[in-house]
Amino acid sequence: MRTQVGIIGAGPAGLMLAHMLHLEGIESVIIERSKREHVQNRLRAGVLEQGTVEMMRELGLGERIGQLGLEQHRIDFRFGGESHPIDFHEATGGRSAWVYPQHEVVKDLMAARTAAGAQMLFETPVTAIEGIDGTRPVVRFEKDGVAGELHCDFVVGCDGFRGISRRAIPAREGQVHDRIYPFGWLGILAEAPPATNEVTWGCHEDGFAMMSIRTPSVTRLYLQCEPDENPDHWSDDRIWSALHKRLDVPGLPPINEGRITQKGVTAMRSFLFEPMQHGRLFLAGDAAHIVPPTGAKGLNSAMADVKVLARALEQHYQRGSQDLLARYSKTCLKRMWLVQRFSAGLCTMVHSFAGDSSFVRRLQRADLDYMTGTTAGRLQFSENFTGLPIDA
Ligand code: APR
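So, how was this worked out
Residues numbered from 1 in each chain as written. Predicted model: local features only at pLDDT ≥ 70, side-chain atom pairs only at ≥ 80, totals over all residues. Heavy atoms only, no water. Near = heavy atom within 4 Å. Polar contact = N/O pair within 3.5 Å; in protein donor to acceptor, adjacent residues only side chain to side chain. Areas by Shrake-Rupley, 256 points an atom, 1.4 Å probe, with all protein chains shown as cover. Helix = DSSP H or I, 4+ residues; strand = E, 2+ residues; numbered from the N terminus. Nonpolar A, V, L, I, M, F, W, Y, C, P; charged D, E, K, R; others polar. Phe/Tyr/Trp six-rings, centres within 6.5 Å; stacked < 30°, edge-to-face > 60°. Buried < 20%, exposed > 50% of the residue type's maximum accessible area, 1.4 Å probe, protein only. Lys NZ or Arg CZ within 6 Å of the ring centre and 35° of its normal. Pairing = 2+ DSSP bridges. Right-handed = clockwise from strand over helix to strand, strands pointing away.

Participant: Is there a simple way to explain the site of the ligand in this structure?
Facilitator: Around the ligand there are 24 residues in total, and E32, R42, Q102, V126 and D286 lie nearest to it. Contacts to the ligand include P12, whose backbone N or O atom sits 3.3 Å from an oxygen atom. Contact between the ligand and Q102: an oxygen atom at 2.6 Å from a side-chain N or O atom of the residue. Out of a free accessible area of 710 Å², the ligand has 89% covered by protein chains. Elements that contribute at least two residues to the shell around the ligand include exactly α1 (12-23) and α8 (298-319). In terms of residue class, the shell around the ligand is made up of nine nonpolar, nine polar and six charged.

The structure is reproduced here in structure tokens:
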């Protein structure tokens, strides 16, 4: 097989990149190890930054976001027994965030790729990436036990945190920056109407909690727990009791209870691999970086990466210039370190760390007071939450 850009992975990064390239007349092939149905039905929460929604709309993919997406203007931070909302729409002069699950984004992108007659190989694990130091890289894969190879000009690793592409960069050339947090999130899906139509964060000394909206009749909830927690140790009663304690405040509607249909524990880490390119191989999305879910930056950072890369590949093919390609990693890393800073800072501010001294806990409270109670604090949160500019 032969194409211009070989893309490994049919997650949001791979699908978005392929579609952006297609609209510029640049050929690509996506090679995905899972079944199409598995990729499309992988349930993941999602909050889209203003920039991600604008990208989807520019690609003609904004229709279902308009129908199903819930535009958000505020987040309600609850601590000290009170509500401390930040109106990020007002603070940024009109930028919003949308509650729109990631699997819906994947569904929109997959439909667009299929309608465009895209070449997507499913159930086809990539087994090796070769020749990235030359000009004719090769992606080796297996399909039904038969070995195959894709010859291309460029390879893009959109294969997620556990993918193969990052390992194709020689260890001496790459550096990992990593932080593992001493807690996880117990994620809960409940058949209960959300108590309010605003994402609500509880920053309680017992631990963090969040209430988000999945649909008008389904609430998405999170509880800080041990990183290796067994969800079965959390009975429904224990879950609702902790959620009420961490999220309810006097004078506002309490969390609505309902049948819990899903429970699962997510570990927390910050991870970044530098550089995000080597020769003709480029990394995008979770293949290069992971953030804790506090800032809702996983999907949005993947989109930012591929926007920069699509622009760089377009410049290569249409104007013969390598400048943007040569600067891809530097451009993405500059923004990604600011995203890591925001996500890690929020994670540290809103969670309770066992064994913290009273001094540290009071500093956390001062951080929350400053972030929610001052113009500068609200603006800094709002600029980051609705999405930093993408230098594409
Ligand atoms: N060969 C082919 N495909 C592979 C291989 C391989 N060797 N390894 C991984 N993949 C595929 C996975 O099956 C998956 O479908 O790559 C895809 C990676 O998709 P994601 O993990 O969704 O990564 P990305 O597209 O960067 O999106 C990041 O997804 O995981 C969430 O929280 C994350 O919101 C973030 C978003």
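Participant: Can you help me understand the packing of aromatic side chains in this one?
Facilitator: Aromatic ring pairs are reported here in terms of the distance separating the ring centres and the angle at which the planes meet. Inspection of every chain in the model, using the stated rule, returns 14 aromatic pairs. Where W185 meets F208, the ring centres are 5.4 Å apart and the plane angle is 15°; that geometry is what we call stacked. With W185 in strand β13 (residues 175-191) and F208 in strand β15 (residues 207-215), this residue pair connects regions lying 23 residues apart in the sequence. Pair check on accessibility: W185 and F208 agree, each one buried. Their ring planes at 55° and their centres at 5.7 Å tell us that F342 and F381 sit as a pair that is tilted. Placement of the pair is F342 in helix α10 (residues 328-350) and F381 in helix α12 (residues 375-386), with a sequence separation of 39 residues. Each of the two residues, F342 as well as F381, counts as buried. Aromatic rings pair up to connect F77, F88, W185, W201, F208, Y222, F342, F381 and F385 into one cluster. Taking the ring centre of W234 as reference, the NZ or CZ of R238 above it sits at 3.7 Å.

Participant: I tried to follow the pairing of strand β1 (residues 5-8) on my own but got confused; where do I start?
Facilitator: Two faces make up the sheet, and in a regular strand the side chains alternate between them. Burial along β1 is two-sided: the residues V5 and I7 and G6 and I8 are all buried. Note: β1 against strand β2 (residues 28-31), four bridges, orientation parallel. The residue bridging V5 from the neighbouring strand is S28, located in β2. You can see the chain leave β1, run along α1 and come back into β2, and the turn it takes is right-handed. Sheet topology note: the β1/strand β12 (residues 154-157) ladder contains four bridges and is parallel. Residue pairing for β12: V5 is matched across the bridge by F154.

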